[in-house]
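Structure assessment
Residues per chain are reported as follows:
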Amino acid sequence: MTVTLEASDGVGTIRLDRPPMNALDVATQDRLRELAEEATRRDDVRAVVLYGGEKVFAAGADIKEMQAMDHTAMVVRSKALQDAFSAVARIPKPVVAAVTGYALGGGCELALCADFRIAADNAKLGQPEILLGLIPGAGGTQRLARLVGPSRAKDLIFTGRHVKAEEALAIGLVDRVVPAAEVYEQARAWAAALAKGPALALRAAKESIDAGLETDIDTGLTIERSWFAGLFATEDRERGMRSFVEEGPGKAVFL
């Protein structure tokens, strides 16, 4: 399999495994969608790590495969491509990308689908599609601009240049830079801590933020209010408030 999902202690790791560079061919894209949907369904997966291995996250699309496609083929395929990445972005659980080595093109776009990005100190990220006479097609023009702002997104997409980990951190493209040997360990620790949290509240927070970013402030506040009130019907809310009153803050245990 080019992509696998393994779960342990509430954390599911979606692992890209297509040596040597984890090129995202059609089969890998489709498998990624399947496993994102599986991670969404599974109760034993409460948080997710996206990982490409110790050497590389994903160096982009399979260019040889794409070169053989004409306009008609890509009209059909581009929707499936975006659907695969959107399935990852819509996992209603905390998702962290553990970025090692190259995260270019589709690899960078996959990292953008996560809620949090931890990068190795030797990582390089970028959207080099312009050098092929193309633009990002798996969400890069949209998610990158929302994350780092339109001017920085245009700089990266217009030039196709690679961004080293330090600059990626400075512009907000990644959230933490650590030694390469610690990337997966730290990503898993971040996910594991959240896996112990209230699942429905985390889902509500993620969907409120993501949906709110797509609309005006008043609609966003309506989305937030609906989720906020709805959580009063959950056992997690009862457990959390009871623990706060009886034991003090931060001691609730969520099932």
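Everything here concerns the structure above.
Residues numbered from 1 in each chain as written. Predicted model: local features only at pLDDT ≥ 70, side-chain atom pairs only at ≥ 80, totals over all residues. Heavy atoms only, no water.

Moving on, we come to the sheet that holds strand β9 (residues 176-178). Overall, mixed pairing links the 6 strands, which are arranged β1-β2-β3-β4-β6-β9 in an open sheet. Looking along the sheet, the strands with just one partner apiece sit at the ends: β1 (3-8) and β9. For this sheet, the mean inter-axis angle between neighbouring strands, taken without regard to orientation, is 20 degrees. Both strand β2 (residues 11-16) and strand β3 (residues 47-51) contribute to a ladder of 5 bridges, which runs parallel. Its bridge partner being in β3, R15 is matched across the sheet by Y51. Packing of helix α1 (residues 26-41) onto the sheet brings it into contact with β1, β2 and β3, and relative to β1 it is tilted by some 20 degrees. (Pairing = 2+ DSSP bridges. Helix = DSSP H or I, 4+ residues; strand = E, 2+ residues; numbered from the N terminus. Axes fitted to C-alpha atoms, helices over the stretch in contact; angles between N-to-C directions. Contact = heavy atoms within 4.5 Å.)

This paragraph deals with the environment of A211. If you trace the backbone, A211 turns up in helix α9 (residues 199-213). For A211 and A61, which are 150 residues apart along the polypeptide, the C-alpha to C-alpha distance reads 28 Å.

This brings us to the packing of helix α5 (residues 140-148) against helix α6 (residues 150-159). Contact pair α5 / α6: the axes reach a minimum separation of 7 Å and the direction vectors enclose 135 degrees. The pairing of α5 with α6 is recorded here as oblique in orientation. Note that α5 runs across α6; the crossing there is right-handed. Contact residues: G140, T141, L144, A145 and V148 in α5; P150, R152, A153, L156 and I157 in α6. Here the residues of the contact of α5 with α6 are counted per class, giving 7 nonpolar, 2 polar and 1 charged. (Parallel < 35°, antiparallel > 145°, perpendicular 65-115°, else oblique. Left-handed = near helix turned anticlockwise from the far one by under 90°. Nonpolar A, V, L, I, M, F, W, Y, C, P; charged D, E, K, R; others polar.)

The next point concerns a negative patch on the surface. A contiguous patch of negative charge on the surface is contributed by D121, E166, E182 and E185. Inspection of the secondary structure puts E182 in the loop between β9 and α8 (183-195). Judged by its relative accessible area of 32%, E182 is partly exposed. (Patch = residues over 30% accessible without salt bridge, like charges linked within 9 Å, V, L, I, M, F, W, Y side chains within 5 Å. Areas by Shrake-Rupley, 256 points an atom, 1.4 Å probe, with all protein chains shown as cover. Salt bridge = Lys/Arg side-chain N within 4 Å of Asp/Glu carboxyl O. Lys, Arg positive; Asp, Glu negative; His and termini not counted. Charge placed at Lys NZ, Arg CZ, Asp CG, Glu CD. Buried < 20%, exposed > 50% of the residue type's maximum accessible area, 1.4 Å probe, protein only.)

Here we take up the nonpolar core. Formed by 60 residues in total, the largest nonpolar core has its most connected members in L50, F57, V99, L125 and L173. Top element by residues in this core is helix α3 (residues 71-89). It accounts for 6 residues. Contacts of L173, omitting those with residues within four sequence positions, involve L112, R117, L125, L144, L147, V148, L156 and A168. (Core = buried A, V, L, I, M, F, W, Y, C linked by side-chain atoms within 4.5 Å.)

Bringing the packing of α1 against α3 into the picture now. The relative placement of two packed helices comes down to the angle between their axes together with the axis-to-axis distance. Where α1 meets α3, the closest approach of the two axes is 8 Å, and the angle between their N-to-C directions is 35 degrees. Every pair of crossing elements has a handedness; the one defined by α1 and α3 is left-handed. Contact residues: V26, Q29, D30, L32, R33, A36 and E37 in α1; R77, L81, D83, A84, A87 and V88 in α3. Classifying every residue of the contact of α1 with α3 by side-chain character gives 7 nonpolar, 1 polar and 5 charged.

In space, the 3 strands of this open sheet follow the order β5-β7-β8, with mixed pairing throughout. The two strands at the open ends of the sheet, each matched to only one other strand, are β5 (102-104) and β8 (162-164). Neighbour-to-neighbour, the strand axes of this sheet turn through a mean angle of 20 degrees, independent of strand direction.

With that settled, the discussion passes to the side chain of D25. Among the secondary structure elements, D25 is positioned in the loop between β2 and α1. Looking at D25, the relative accessible area reads 10%, which means it is buried. Engagement of the side chain of D25 in a polar contact is seen with the side chain of R18, the distance being 3.4 Å. Setting aside residues no more than four positions away along its own chain, D25 makes contact with R18, D62 and E65. (Polar contact = N/O pair within 3.5 Å; in protein donor to acceptor, adjacent residues only side chain to side chain.)

Cis geometry marks the peptide bond from P19 to P20; its omega dihedral reads 0 degrees. As for its position among the elements, P20 is in the loop between β2 and α1. The phi dihedral of D9 is positive, around 55 degrees, even though this residue is not glycine. Assignment of secondary structure puts D9 in the loop between β1 and β2. Take D9: its relative accessible area is 69%, and that puts it in the exposed class. Its identity is not glycine, yet N22 carries a phi of approximately 55 degrees, on the positive side.

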